[in-house]
Amino acid sequence: MANSAPLPPGSTIGILGGGQLGRMLAMAAVQLGYRCIGYAPAGDNVAASACDDFFENGWGDTAALAAFATKCDVVTWEFENVPLSAVEAIPTTLLVPDPKALEIAQDRLSEKRFVEELGAVCAPYLRVESDDDFARALERVGTPGILKTARDGYDGKGQWRIASAHEAEGVRFPGQACIYEGMVNFETEFSVILARAEDGAMRIWDSSANTHDSGMLVHSVLPAGSVVESQIAQARQIAEKTADALGYVGVLTLEFFATQQGPVFNEMAPRVHNSGHWTIEGAATSQFENHIRAICGLPLGGTETRFASIDMRNIVGEDALSAHKILAEGGEPHLHLYGKREAREGRKMGHVTRVSHDKPPEESA
Ligand code: AMP
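Residues numbered from 1 in each chain as written. Predicted model: local features only at pLDDT ≥ 70, side-chain atom pairs only at ≥ 80, totals over all residues. Heavy atoms only, no water.

Engineer: When you look at the overall build of the chain in this model, what are you seeing that I'm missing?
Structural biologist: Within the chain, the secondary structure is distributed over eleven helices and 17 strands. Taking 365 residues into account, the globule formula puts the C-alpha radius of gyration at 21 Å, and the chain, at 20 Å, falls close to it. Seen through its C-alpha atoms, the chain measures out along the principal axes to roughly 60 × 55 × 40 Å. Taking all 365 residues of the chain together, 55% fall into the buried category. Taking contacts inside the chain between residues at least 6 apart in sequence as the whole, the part at least 24 apart equals 63%. Summed over its atoms, the accessible surface of the chain is roughly 15,600 Å², and 48% of this surface lies on carbon and sulfur atoms. Here the chain contributes 31 positively and 49 negatively charged side chains, and the mean placements of these two sets differ by 1 Å. (Helix = DSSP H or I, 4+ residues; strand = E, 2+ residues; numbered from the N terminus. Rg over C-alpha atoms; globule rule 2.2 N^0.38 Å. Buried < 20%, exposed > 50% of the residue type's maximum accessible area, 1.4 Å probe, protein only. Contact = heavy atoms within 4.5 Å. Areas by Shrake-Rupley, 256 points an atom, 1.4 Å probe, with all protein chains shown as cover. Lys, Arg positive; Asp, Glu negative; His and termini not counted. Charge placed at Lys NZ, Arg CZ, Asp CG, Glu CD.)

Engineer: Please explain the pattern of salt bridges as it appears in this structure.
Structural biologist: Where charged atoms from two side chains of opposite charge come close, those side chains can pair. Across all of its chains, the model carries 16 salt bridges by this definition. Of the charged contacts, one joins R347 and D44 as a salt bridge, the two residues approaching to 3.4 Å between their closest N and O atoms. With R347 in the loop between β16 (333–337) and β17 (348–356) and D44 in the loop between β2 (35–40) and β3 (53–56), this pair connects stretches of sequence that are 303 residues apart. The buried category is assigned to R347, whose relative accessible area is 15%. (Salt bridge = Lys/Arg side-chain N within 4 Å of Asp/Glu carboxyl O.)

Engineer: Whenever I open this one, the sheet that holds strand β7 (residues 159–162) confuses me. Can you help?
Structural biologist: The strands that make up a sheet are held in pairs by hydrogen bonds between backbone atoms, and each pair lies either parallel or antiparallel. The four strands lie next to each other as β5-β8-β6-β7, forming an open sheet whose pairing is antiparallel. Pairing within the sheet leaves two strands with one partner each, and these edge strands are β5 (125–128) and β7. Adjacent strand axes in the sheet meet at a mean angle of 20° when their direction is disregarded. Direction of pairing for strand β6 (residues 145–149) relative to β7: antiparallel, over a ladder of four bridges. For L147, the partnering residue across the bridge sits in β7 and is W160. In the packing of helix α5 (residues 108–117) onto the sheet, the strands contacted are β5, β6, β7 and β8 (178–182), and the crossing angle to β5 comes to about 150°. Sitting on the sheet, helix α6 (residues 131–141) is in contact with β5, β6, β7 and β8, with an inclination near 170° to β5. (Pairing = 2+ DSSP bridges. Axes fitted to C-alpha atoms, helices over the stretch in contact; angles between N-to-C directions.)

Structure (structure tokens):
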């Protein structure tokens, strides 16, 4: 799609992946007059209900991927673990952003190296490909630390927390490439979410303070507080350099730990992000809409925060079954349910965003 004219209304956007991010991308695309076609292996593909058509085929089905591609004017993704072999079955002229971003972000080691070269600080880490490597990493990096699979991890999956050398004795190298990294003593976590257009123009949303439970995001709030505010400029600079270095088009997310020593880069996601769900009601333009605008060559929308305080909470597992009761609560709840059939423990089923023109108590004092 390099240097092409904006895609006219009625054009078709292909989305690789069938989860809630794809669903919310498709909803934004439909609002702008586009059609969407999804592609993902058979499963609870909740994006399908927001798409005109949906291919339920495996990532290895190159014929189906080719057939999908012939129906699309542009192809993007909502899931960063789409196998590169599947992406390679799509003509590169259709793919936005460039799959180079996907390749780097799929491997924790390569993403850390890439962003470190641009000036980011990471927690100490070492690659672990054997029992011996693991022993060496424990010795050099020390404890507490986290062993993480280099690939395919998300929402805290593929991670083993190791509090002490004694605890390490009970953890075995899992047989697939990992990194072992030192535990960061952070004040809070935050992410920088930006949208970059084909001509290099960038828009950045305010950063929320993010809380995770067992490695999964559960809660984002704005304003993020003074510690994050004091580190945002530095983190944004890293995020902007990363987007430029990748020639990135679309929404890109970088996650950071705010520490006493400044921002520590954790990981990046070459896609819209859970910590940006608040932008649907809370910002001038949502992350979903700006991703669609960027990949279709439309001008980016403003990213200003529209409220004095915003609170986004994920609805996880069984809580979704009674989530409609949230609508009767105060605080202007904006409820989003993803339509997942099965409410499994630890599964993101929806989210609720509350916005207010009143500052939170500590800010208004
Ligand atoms: P990740 O999958 O790397 O984003 O990790 C998920 C979450 O686990 C992070 O958002 C943190 O809450 C926690 N976490 C991961 N790595 C570290 C670390 N090195 N130090 C402290 N907490 C971490």
